[in-house]
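Remarks on the overall topology
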Amino acid sequence: MGEQPIFSTRAHVFQIDPNTKKNWVPTSKHAVTVSYFFDSTRNVYRIISLDGSKAIINSTITPNMTFTKTSQKFGQWADSRANTVYGLGFSSESHLVKFADKFAEFKEAARLAKEKSQEKMELTSTPSQSGAAKRNVLSVSKPDKKKESAPGDLLSPLTPESINGTDEERVIPDPPQPAEARAEPSQNALPFSHSSSSSNINKHWEAELAALKGNNAKLTAALLESTANVKQWKQQLAAYQEEAERLHKRVTELECVSGQATVIKSQKTELNQTIEELELALKDKEEELEKLKAEVQRAHEFQSQKDSLTEKLQDTETRNQTLEAQLSDLEQRLESSQLEREAFRKSLRSLLELLDTKIFELTELRDTLAKLIEGS
């Protein structure tokens, strides 16, 4: 086969919305295998991705293409032949970097191949044949463009590895370049230069293209069918191997049982003793479990009592706060009454002193009057 995968990875595939030209439309429900293919006969690099049997990417790398990393895990490139923009979402930045490096490498290889083919075209063309050769080159190259630009058709059958892929990135070594690659349509233009019309050439290439498409579809279907059959056979083989291993183990066990009856009896006795010990231990564990359940029940009761006591304590604290407020009010009232009593006592003392003064004055007046009476 002329076309082989040379680098594969896993990614989510998107295409730009043809209506808005802004939003991304996912073309795969999950991560699929995206592979670089190299056609050694035509010296062409392509990016191909299949979702089941449907080709969701079929893009030929040209020197004017550019792969742009728009984020740490997403990249895109525009394909003018398919009139769309492809986007790939990777699981890690390293996968994106590897894919971008391969894109740049294969883009440079495509540029060198194009320059080489142009040099060969110039060397093989003569001045007298240049006009006819150019016309024939154009007529011959038109079907090739149709082959390359059809996004849904594959030029060669794909290998099971490229269709199925793996969950992790697979790198396939680059195939060695042929010493003398097949010349581009410029070399094939000379035999057609003597033709009277280019319509026969177009019909020939269209018929060949249709045959290639039919063969490609048949080979793809056969490959998918064989892949499914291989998976089914692998599953059946694994089941048979497991059954054989199980039967082998069973035979070995039966042989051991038939040859070691005494050992089995002793082992049975030991097992019975072990079972009795385990039953006793189980009873102990059950009793311990019952005790733990009772303790848990008591703990729940204590918790309910604690909750009720907490509520009572909160009520008591509320009452205590109320009583403290009342006590503070009473203390203030008592203090004010004490102040009033002290003021009253002071006024009584002042009145008593005043009374004493008056009584003394009256006594002196009495004595004076008495003296006057006695003197008269």
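This report concerns the structure included in the present document. Everything numeric here is computed off the predicted structure, so don't read it as measured data.

All right, on to the overall build of the protein chain then. For the protein chain, the count of helices and strands is six helices and nine strands. Relative to its full complement of 376 residues, the protein chain shows a buried share of 24%. Within the protein chain, counting contacts between residues at least 6 apart in sequence, those at least 24 apart form 64% of the total. Of the roughly 26600 Å² of accessible surface on the protein chain, 55% is carried by carbon and sulfur atoms.

Once that is clear, we can look at the packing of aromatic side chains. Taken as a whole and judged by the stated rule, the model has 14 aromatic pairs. Between F67 and W77, the ring centres sit 6.1 Å apart and the planes meet at 35°, which makes this aromatic pair tilted. Taken together, the residues F67 in the loop between β5 (54–60) and β6 (68–69) and W77 in strand β7 (residues 74–79) connect sequence positions ten residues apart. With respect to burial, F67 and W77 carry one shared label: buried. Ring pairing ties together the aromatic residues F7, Y36, F38, Y45, F67, W77, Y86, F90, F99, F103 and F106, which thus form one cluster.

Quick look at a negative patch on the surface now. Residues D284, E286, E287, E288 and E290 make up a contiguous surface patch of negative charge. Mapped onto the secondary structure, E287 falls in helix α6 (residues 261–375).

Our next topic: a positive patch on the surface. There is a patch of like positive charges on the surface, built from R341, R345, K346 and R349. Of the residues examined, K346 reaches a relative accessible area of 54% and is grouped as exposed.

Counting buried residues in strand β8 (residues 84–89) gives five out of six residues, a clear majority hidden from the surface. Relative to β8, strand β1 (residues 3–16) is paired through four bridges, and the arrangement is antiparallel. In the sheet register, V13 faces β8, and the bridge partner there is L88. Inspection of the sheet shows β7 paired to β8 by six bridges, in the antiparallel sense.

Membership of the largest hydrophobic core comes to 24 residues, with the highest contact counts inside it found for Y36, I47, I57, W77, L88 and F99. Where this core is concerned, the elements lending two or more residues are β1, β3 (32–39), β4 (44–51), β5, β8 and α1 (93–124). The biggest single contributor to this core is α1, with five residues. Not counting residues up to four positions away in its chain, the partners in contact with I57 are V13, I47, I48, S49, W77, Y86 and L88.

A few words on the pairing of β3. β3 sits mainly inside the fold: eight of its eight residues count as buried. Inspection of the sheet shows β1 paired to β3 by eight bridges, in the antiparallel sense. Bridged to Q4 within β3 is F38. Between the end of β3 and the start of β4, which pair antiparallel, lie four residues, with N43 showing a positive phi angle near 55°.

Oppositely charged side chains can pair when the atoms bearing their charge come close. Scanning all chains against the criterion turns up seven salt bridges. Salt-bridge contacts for E105 lead to K102; the nearest nitrogen and oxygen are separated by 3.7 Å. Of this pair, E105 and K102 both sit in helix α1, three residues apart, which is roughly one turn of that helix. A salt bridge links R111 to E108; the nearest nitrogen and oxygen atoms lie 2.2 Å apart. Residue R111 and its partner E108 are both found in helix α1; the two are separated by three residues, about one turn of the helix. Overall, E108 belongs to the partly exposed group, its relative accessible area being 35%. Among the charged side chains, a network of salt bridges with common partners joins E108, R111 and E115.

To continue, consider unusual backbone geometry. Across the chain, the bulk of peptide bonds are trans and the bulk of non-glycine residues have phi less than zero. Positive phi outside glycine occurs at N43, with the angle close to 55°. Structurally, N43 is set in the loop between β3 and β4. Take N43: its relative accessible area is 22%, and that puts it in the partly exposed class. For N83, which is not glycine, the phi torsion reads 55° and is therefore positive.

What counts and how
- All residue numbers refer to position in the chain's written sequence, counted from 1.
- At least 70 in pLDDT is required for a residue's local features to be given in this predicted model, at least 80 for side-chain atom pairs to be given and counted, and no such filter applies to totals for whole chains, interfaces and linings, which use all residues.
- Note: side-chain values were computed over all heavy atoms of the structure, leaving out hydrogens and water.
- Secondary structure follows DSSP: runs of H or I at least 4 residues long count as helices, runs of E at least 2 residues long count as strands, and numbering of each begins at the N terminus.
- Note on classification: 1.4 Å probe, protein chains only; a residue is buried when its accessible area is under 20% of the maximum for its type, exposed when over 50%, partly exposed between these limits.
- Whether two residues are in contact is decided by their heavy atoms, any of which lying within 4.5 Å being enough.
- What sets the accessible areas is the Shrake-Rupley method with a 1.4 Å probe; for residues, cover comes only from the shown protein chains.
- Centres within 6.5 Å make a pair out of two Phe, Tyr or Trp rings, where for Trp the six-membered ring is used; the pair is then stacked when the planes are under 30 degrees apart, edge-to-face when over 60, and tilted otherwise.
- Note on patches: the residues involved have over 30% relative accessible area and no salt bridge, like charges join within 9 Å, and the nonpolar side chains Val, Leu, Ile, Met, Phe, Trp and Tyr join within 5 Å.
- Note on definitions: salt bridges are taken to be side-chain nitrogens of Lys or Arg within 4 Å of carboxyl oxygens of Asp or Glu.
- Residues scored as positive are Lys and Arg, those scored as negative are Asp and Glu, and His as well as the terminal groups of each chain are ignored.
- To locate a charge, the coordinates of NZ of Lys, CZ of Arg, CG of Asp or CD of Glu are taken.
- Note on pairing: two strands pair once DSSP finds at least 2 bridges between them.
- In this description, a nonpolar core means a group of buried Ala, Val, Leu, Ile, Met, Phe, Trp, Tyr and Cys residues linked to one another through side-chain atoms lying within 4.5 Å.

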